[in-house]
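A closer look at the structure
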Amino acid sequence: VPQWYIDRYSSHFKDKQERTFAAMVSAMDEGIGNITTALETAGLADNTIIVFSSDNGANVGCVSHVTASNYPYRGGKRSIYEGGIRSPSFIWGKGRLHPGSSNALIHVTDWLPTFWGLASLQGRLKPNSPITTKPLDGVNQWLTISENKDSNRTEILLNIDPYPLPCGHRVPNYGIRWKEWKLILGSGGPPDGWYPAPNMTAQQLQEICHKPIEGYVELYNIELDPYEHRNVSDRYPHIVKKLTHKLMAYNETAVPPGNMKVDPASSPKHFNYTWMPWMKDGEEVGEDMRRNLWNVEEYNWVQREVEELPDPCLQGFSVDM
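Residues numbered from 1 in each chain as written. Predicted model: local features only at pLDDT ≥ 70, side-chain atom pairs only at ≥ 80, totals over all residues. Heavy atoms only, no water.

Observations concerning the overall build of the chain
To be explicit about the condition: For helices the rule is a DSSP run of H or I covering at least 4 residues; for strands it is a run of E covering at least 2, with both sets numbered from the N terminus onward. Exposure classes here rest on a 1.4 Å probe applied to the protein chains alone. A residue is buried below 20% of its type maximum, exposed above 50%, and partly exposed in between. Here the open area of atoms and residues is found with the Shrake-Rupley method and a 1.4 Å probe, where only the protein chains shown may cover a residue.
When helices and strands are counted, the chain shows 8 helices and 6 strands. Tracing the chain from N to C terminus, the helices and strands come up as α-α-β-α-β-α-α-β-β-β-α-β-α-α. Put simply, the chain has 321 residues, and 32% of those count as buried. Total accessible area on the chain is roughly 20600 Å²; 54% of this is exposed by carbon and sulfur atoms.

Structure follows, in structure tokens:
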């Protein structure tokens, strides 16, 4: 970011990273202001929708200096706790939206069919003879966004990853959200704690920085417990079983991971510290660089977990699914 943006905050932030981040936000804000001004000048603002959407929660783990926070939500970037996956966004459309906020269940894949639907409504895609596409993962959420209607989805696959992630989970990482329920099998993080906002008092830090209790199976009612303090998997085994079967169904269509070992030749230091392709056209990766990570046996723990769960029908209660 240009130095003069940073200089604006010389008296506001002592920390260099916080000062630089504030400067970057200001520069971005100014650039977006230039775009909106141009839209107004060109008479296009009334027919424009602007969306801001984050990709994940703040990075609060695996960094030497934390200046961000997702508190009171748990976890952060690289985790599948709410602090890592509940990303803020906002949408602007002149005369098209009711002001307000929503916690409706919306996934990033919903943007494409939502925009597609809007374009069709305006006649640009000829609704009477619509252009067909391959099946889309997302759903049209325009009424959810514009009129605060219920979400058109009840389910989100959060992750299926049986292998370790640098600065992340060290055991298999499976997660799914269904209605108000969220199931995690294996490990939801790290980061997996409740990381404080900057400048909290020592007493506040002591109150919130307790070590989380992780279970091999974690089930949360996100509507009642959005901060994921109460693992209720032992109380609702029938929900755990149902969501585990959903995960297994997703896994049946999963593409085998193609992870490979790090190739030293790919280091940016060889290319003026720029990330770029490093292999020649047609060059194959040597066998010594490959790792066969697809081992069906490693998924058997999911099946065993289902089989070992008590059957709710044998426990004297029934559940309306």
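That was the structure; now back to the text.
Here's the deal with unusual backbone geometry
Here Tyr71 and Pro72 are connected by a cis peptide whose omega angle stands at 10°. Within the fold, Pro72 resides in the loop between β1 (49-53) and α3 (82-85). For the bond from Pro190 to Pro191, the omega torsion is -5°, close enough to zero to count as cis. Along the chain, the position of Pro191 falls in the loop between β5 (181-186) and α6 (202-208). The phi angle at Asn148 is positive, at roughly 60°, despite the residue not being glycine. Examined against the element boundaries, Asn148 turns out to sit in the loop between α5 (142-147) and β3 (155-161). One non-glycine residue, Glu228, adopts positive backbone phi at about 55°. Tracing the backbone through its elements, the reader meets Glu228 in the loop between β6 (217-221) and α7 (237-252).

Observations concerning the pattern of salt bridges
Rule in force here: Only one rule defines a salt bridge in this text: a Lys or Arg side-chain nitrogen within 4 Å of an Asp or Glu carboxyl oxygen.
Using the criterion set out here, one finds 10 salt bridges in the structure. Of the charged contacts in the structure, one is a salt bridge between Glu40 and Lys94, with a shortest N-O distance of 3.4 Å. Residue Glu40 is located in helix α2 (residues 16-41), and its partner Lys94 is located in the loop between β2 (89-93) and α4 (111-121); the two are separated by 54 residues in the primary sequence. The closest approach of N and O atoms between Lys149 and Glu147, which form a salt bridge, is 3.3 Å.

Details of the sheet that holds β6
One key point about sheets: their strands pair by backbone hydrogen bonds, in either a parallel or an antiparallel sense. Using the following cut-off: Any two strands with at least two DSSP-identified bridges between them are counted as paired. Lines fitted to C-alpha atoms define the axes, with helix axes restricted to the stretch in contact, and inter-axis angles between N-to-C directions lie between 0 and 180 degrees.
What the 4 strands build is an open sheet, ordered β3-β4-β5-β6; its pairing is antiparallel. Every interior strand has two partners, whereas the edge strands, β3 and β6, have only one. Averaged over all pairs of adjacent strands, the angle between strand axes in this sheet comes to 10°, irrespective of strand direction.

Examining the nonpolar core
A general feature of soluble globular proteins is that nonpolar side chains tend to end up buried together. What counts here: Residues enter a nonpolar core if they are buried and are Ala, Val, Leu, Ile, Met, Phe, Trp, Tyr or Cys, with the set joined through side-chain atoms within 4.5 Å. In what follows, a contact means two residues having at least one pair of non-hydrogen atoms within 4.5 Å.
Trp181, Leu183, Leu185, Leu219, Ile239, Leu243 and Leu247 are the most contacted members of the largest nonpolar core, which has 13 residues in total. Those elements that place two or more of their residues in this core are β4 (173-178), β5, β6 and α7. If one sorts the elements of this core by residue count, α7 sits on top with 4 residues. If near-sequence neighbours (up to four positions away) are discounted, Trp181 is found in contact with Ile176, Leu219, Tyr220, Asn221, Val232, Tyr236, Ile239 and Leu243. Within the second largest apolar cluster, 8 residues are counted, among which are Tyr81, Leu105, Ile156 and Leu158.

As for a nonpolar patch on the surface
What counts, and what does not: For patches, a residue must show more than 30% relative accessible area and have no salt bridge; joins then use 9 Å for like charges and 5 Å for nonpolar side chains, namely Val, Leu, Ile, Met, Phe, Trp and Tyr.
On the surface, a nonpolar cluster with roughly 310 Å² of combined accessible area is contributed by Phe21, Val25 and Met28. Position of Phe21 relative to the elements: it lies in helix α2. For Phe21, a relative accessible area of 56% translates into the label exposed.

A closer look at the pairing of β4
Most of β4 is tucked away, with 6 of its 6 residues classed as buried. Residues Asn173, Gly175 and Arg177 point to one face of β4 and Tyr174, Ile176 and Trp178 to the other, with burial holding for every one of them. Where β4 and β5 come together, 6 bridges link them in antiparallel fashion. When the sheet's bridge partners are listed, Asn173 is paired in β5 with Gly186. The turn linking β4 back onto β5 is made up of 2 residues, and Lys179 within it adopts a positive phi angle of 55°.

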